[in-house]
Amino acid sequence: MAEFWFYQLQKRTLDQALPVLVELALKRGWRAVVQGRSPEFLAAIDDLLWTYDEESFLPHGAQADGDPELQSVWLSCGQDNPNGAQIRFLIEGAEAAPFLNADYQRLILLFDGRDDEALAAARAQWKILRDGGATLSYWQETEEGGWRKQA
């Protein structure tokens, strides 16, 4: 069973945190899926991954690009895993419960801890996953910009 890691953003935005976490996954030799809820939001993530760093970019693809098996990072609004990813990033409130028995090493739920709705939704997902027997970890951003495991 996959591990579910919750990341509560406190200082950084998703645009600042997601590329760094995806880079770390790729350095482990993992392929990744980034799942959002809307095509418009994923279009913004698509642009972000190409432009987040003046000296670098994260190569990736989505359905419109085709050839998912060639992509180390795949963007999706669905539950597919066409690139054989070992890690899945759930953003924009994407639901984690469908992946309780999925074949991933890790699922990362990123949410804005400054947004009461996002915080409540993350807590609800935590409860559903805990009740489903998932292995859970909760990481909160520190004042210094690092991550501290809270649970």
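Okay, so let's go over this structure. What you see is a predicted model; the values in this text were computed from it and never measured.

1. Things to note about helix H3 (residues 116-131)
Between its first and last C-alpha atoms H3 spans 23 Å; for 16 residues at 1.5 Å apiece the expected length is 22 Å, and the two agree. Within H3 the residues assigned to the buried category are Leu-119, Ala-122, Gln-125, Trp-126 and Leu-129. The buried residues of H3 occupy one face: seen down the axis, they fall within an arc of 125°. Along H3, the residues that are exposed and aim more than 90 degrees away from the buried face are Asp-116, Glu-117, Arg-123 and Asp-131. Among the structural elements, strand S1 (3-9), strand S6 (106-112) and strand S7 (135-141) are those in contact with the buried residues of H3.

2. Looking at the packing of aromatic side chains
This model, assessed by the stated rule, comprises nine aromatic pairs. Between Trp-50 and Phe-57, the ring centres sit 5.3 Å apart and the planes meet at 40°, which makes this aromatic pair tilted. Take Trp-50: its relative accessible area is 40%, and that puts it in the partly exposed class. Pairwise contacts between aromatic rings join Trp-5, Tyr-7, Trp-139 and Trp-147 into one cluster. Against the face of Trp-30 rests Arg-28, its NZ or CZ located 4.6 Å from the ring centre.

3. Describing the pattern of salt bridges
Inspection of the entire model under this criterion finds six salt bridges. The partner of Glu-143 in a salt bridge is Lys-11, with the nearest N and O atoms 3.5 Å apart. Residue Glu-143 is found in the loop between S7 and strand S8 (147-149), and its partner Lys-11 is found in the loop between S1 and helix H1 (14-27); the two are separated by 132 residues along the sequence. For Glu-143, a relative accessible area of 62% puts it in the exposed group. Between Arg-130 and Asp-131 there is a salt bridge, with its nearest N and O atoms 3.6 Å apart. Assessed through its relative accessible area of 52%, Asp-131 is described here as exposed. If you follow the salt bridges from partner to partner, you end up with Lys-127, Arg-130 and Asp-131 in one network.

4. A short note on the pairing of S1
Taking burial as the measure, the seven residues of S1 include six buried ones, the bulk of the element. Looking at chain direction, S1 and S6 are connected through seven bridges and run parallel. Pairing of Glu-3 across the sheet is with Arg-106, part of S6. Note that S1 and S7 share six bridges and pair parallel. Each residue of the ladder has a partner; that of Trp-5, found in S7, is Ser-137.

Calculation criteria
- Residues numbered from 1 in each chain as written.
- Predicted model: local features only at pLDDT ≥ 70, side-chain atom pairs only at ≥ 80, totals over all residues.
- Heavy atoms only, no water.
- Helix = DSSP H or I, 4+ residues; strand = E, 2+ residues; numbered from the N terminus.
- Expected span 1.5 Å × (residues − 1).
- Buried < 20%, exposed > 50% of the residue type's maximum accessible area, 1.4 Å probe, protein only.
- Arc of directions from axis to C-beta.
- Contact = heavy atoms within 4.5 Å.
- Phe/Tyr/Trp six-rings, centres within 6.5 Å; stacked < 30°, edge-to-face > 60°.
- Lys NZ or Arg CZ within 6 Å of the ring centre and 35° of its normal.
- Salt bridge = Lys/Arg side-chain N within 4 Å of Asp/Glu carboxyl O.
- Pairing = 2+ DSSP bridges.

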